[in-house]
Structures are given as C-alpha cells and as structure tokens.
Amino acid sequence: GQGADMAVRYDFPTFVEGLTLHAGMAPKNGGDTGVMTDGSGFGASYSVAGFKVFAGTESFKTVAADTDTTGYGVKYGMSGFTVGYNTSEKDVTGGDKTEMAGYSAGYATGNFAVAINTSETEVNSAVTSDKSSIGASYNLGGGVKVYAVTTKDDKVAASDEDTVGISFSF
C-alpha cells in the first residue's frame, strides 16, 4: 500500500521563563515506498538578557540507512548588534559524516540591517565548502523589503552568487 504521510509536532508549555522545548515525529513518512520509514526530532532553546543558547537533534530511518543529526548554537544581541555561532554534525550509517560550523554578525537600526556570515562544511574530514556572505536589507514599509547579498565559496567557485531582490509579506 501507499500509506499516508503524517507528522506531529508538540511545543511544550512554558514552565521556565525563556525556555522553549519542541518535539516532533513523522512515523512511516513516505508510506510504504521505502523512502523513509520513521523520523523524530527534539529541540530546545533558552533565552535570557539578550543571550540565547539552542540545541536540537533529529533522526531519520530509511531502508538504506539511518541519518542522525545534532546541532547547537549560541547567539547574543544588544543595541542592534547580534553575534552568533552554530555547529552541526550529520552521520549516515555506513556513509558520510558531515560537520558544519558557522559564525555570524549583524547590525540593525531602524529600517536598515547588514549581516556577515561564514560557514565551513567538512564531509568525512575533508573541507568541501568554505563560504562567506555579506548582505544588507532595507524595509520600505507596508511589508516590502529590498535586499542584496553576495556569497563567495573558497572551495566551490561555481557556488559564488550575487542576489538582489524584493520581498513582500502580508
């Protein structure tokens, strides 16, 4: 049979100020097609005085392999300035191990914001991507924002890109 896709997410009630907990499950996602049989995840974050720490884990099981991903990060913001760090690790049974780490910094004032991001990705201990980007945005009001971002990858030149756009939100 084809089986129905379904997923459940539960956001736990706040019992400690600043603490947020989430849990999710996707049983037999993909039906009986053999693509994905089970998925689950858990995430937590804690915020206090401009400082936030977060962590999460997810696991997906397929006929071919199991994939487990864990990650965590920290972020601090004050007077329009924000800095952050995050890292994650993904293990595939009998396959690749991918590690990612990234840093970010930004500043926002009024309708203007600018951000700088860097990330490094390693697959089986070999650096496969070393990206950096800088972007700026300006909120025109009424749900309209213009933005520009440039991204450079020291390992994969074909991944370099410049983007200019406009976004609408309702």
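Summarised in this report is the structure supplied together with it. As the structure is a computational prediction, the values presented were derived from the model and not from experiment. (Residues numbered from 1 in each chain as written. Predicted model: local features only at pLDDT ≥ 70, side-chain atom pairs only at ≥ 80, totals over all residues. Heavy atoms only, no water.)

## Let's talk about the overall build of the protein
Then, number 1: A tally of helices and strands in the protein yields zero helices and eleven strands.
Then, number 2: When the helices and strands of the protein are listed from N to C terminus, the series reads β-β-β-β-β-β-β-β-β-β-β.
Then, number 3: Rg of the C-alpha trace for the protein: 19 Å, well past the compact-globule value of 15 Å for 170 residues, more than 25% over.
Then, number 4: Projected onto the principal axes, the alpha-carbon positions of the protein cover approximately 55 × 45 × 30 Å.
Then, number 5: Counting all 170 residues of the protein, 14% fall into the buried class.
Then, number 6: Within the protein, residue pairs in contact and separated by at least 24 positions form 24% of the contacts whose partners lie at least 6 positions apart. (Helix = DSSP H or I, 4+ residues; strand = E, 2+ residues; numbered from the N terminus. Rg over C-alpha atoms; globule rule 2.2 N^0.38 Å. Buried < 20%, exposed > 50% of the residue type's maximum accessible area, 1.4 Å probe, protein only. Contact = heavy atoms within 4.5 Å.)

## Description of a nonpolar patch on the surface
Then, number 1: A cluster of nonpolar residues, Phe 15, Val 16, Tyr 46, Val 48, Phe 51, Val 53, Val 74, Tyr 76, Met 78 and Val 83, forms a patch on the protein surface that exposes about 850 Å² of accessible area.
Then, number 2: Elements supplying a minimum of two residues to the nonpolar patch: strand S3 (38–48), strand S4 (51–61) and strand S5 (66–78).
Then, number 3: Among the elements that line the nonpolar patch, the one with the most residues is S5, at three residues.
Then, number 4: Take Phe 15: it is sitting in the loop between strand S1 (8–11) and strand S2 (19–27). (Patch = residues over 30% accessible without salt bridge, like charges linked within 9 Å, V, L, I, M, F, W, Y side chains within 5 Å. Areas by Shrake-Rupley, 256 points an atom, 1.4 Å probe, with all protein chains shown as cover. Salt bridge = Lys/Arg side-chain N within 4 Å of Asp/Glu carboxyl O.)

## Considering the environment of Asp 66
Then, number 1: With respect to the element layout, Asp 66 can be found in strand S5.
Then, number 2: Placed 26 residues apart in sequence, Asp 66 and Val 92 show a C-alpha to C-alpha distance of 5.7 Å.

## Examining the sheet that holds strand S6 (residues 81–92)
Then, number 1: Pairing within the open sheet is antiparallel, and its eleven strands lie in the order S1-S2-S3-S4-S5-S6-S7-S8-S9-S10-S11. In this open sheet, the two strands that pair with only one neighbour each are S1 and strand S11 (161–168). Across the sheet, the mean angle from the axis of one strand to that of its neighbour is 10°, orientation sign disregarded.
Then, number 2: Bridge count for strand S7 (residues 97–109) against strand S8 (residues 112–123) is twelve bridges, and the pairing is antiparallel. Counted as the bridge partner of Gly 106 is Ala 115 from S8. (Pairing = 2+ DSSP bridges. Axes fitted to C-alpha atoms, helices over the stretch in contact; angles between N-to-C directions.)

## Brief notes about the pairing of S5
Then, number 1: Summarising the sheet, S4 and S5 pair through eleven bridges and their orientation is antiparallel. Its bridge partner lying in S5, Ala 55 is registered against Tyr 72.
Then, number 2: The hairpin formed by S4 and S5 contains four residues between the paired strands.
Then, number 3: Pairing of S5 with S6 involves twelve bridges; the strand directions are antiparallel. Bridge pairing in S6 places Val 74 opposite Tyr 85.
Then, number 4: Between S5 and S6, which pair antiparallel in sequence order, lie two residues; one of them, Ser 79, sits at a positive phi of approximately 50°.

## Regarding the pattern of salt bridges
Where side chains of opposite charge bring their charged atoms close, a pairing between them can arise.
Then, number 1: Using the criterion set out here, one finds four salt bridges in the structure.
Then, number 2: A salt bridge links Glu 99 to Lys 97, with the shortest nitrogen-to-oxygen separation between them at 3.6 Å.
Then, number 3: The salt bridge involving Lys 152 is made with Asp 154; its shortest N-O contact spans 3.3 Å.
Then, number 4: Judged by its relative accessible area of 52%, Asp 154 falls in the exposed class.

## Section: the side chain of Ser 59
Then, number 1: Of note, Ser 59 is situated in strand S4.
Then, number 2: Classification of Ser 59 as buried rests on a relative accessible area of 15%.
Then, number 3: Of note is the side chain of Ser 59, whose polar atom sits 2.7 Å from the side chain of Asp 68. (Polar contact = N/O pair within 3.5 Å; in protein donor to acceptor, adjacent residues only side chain to side chain.)

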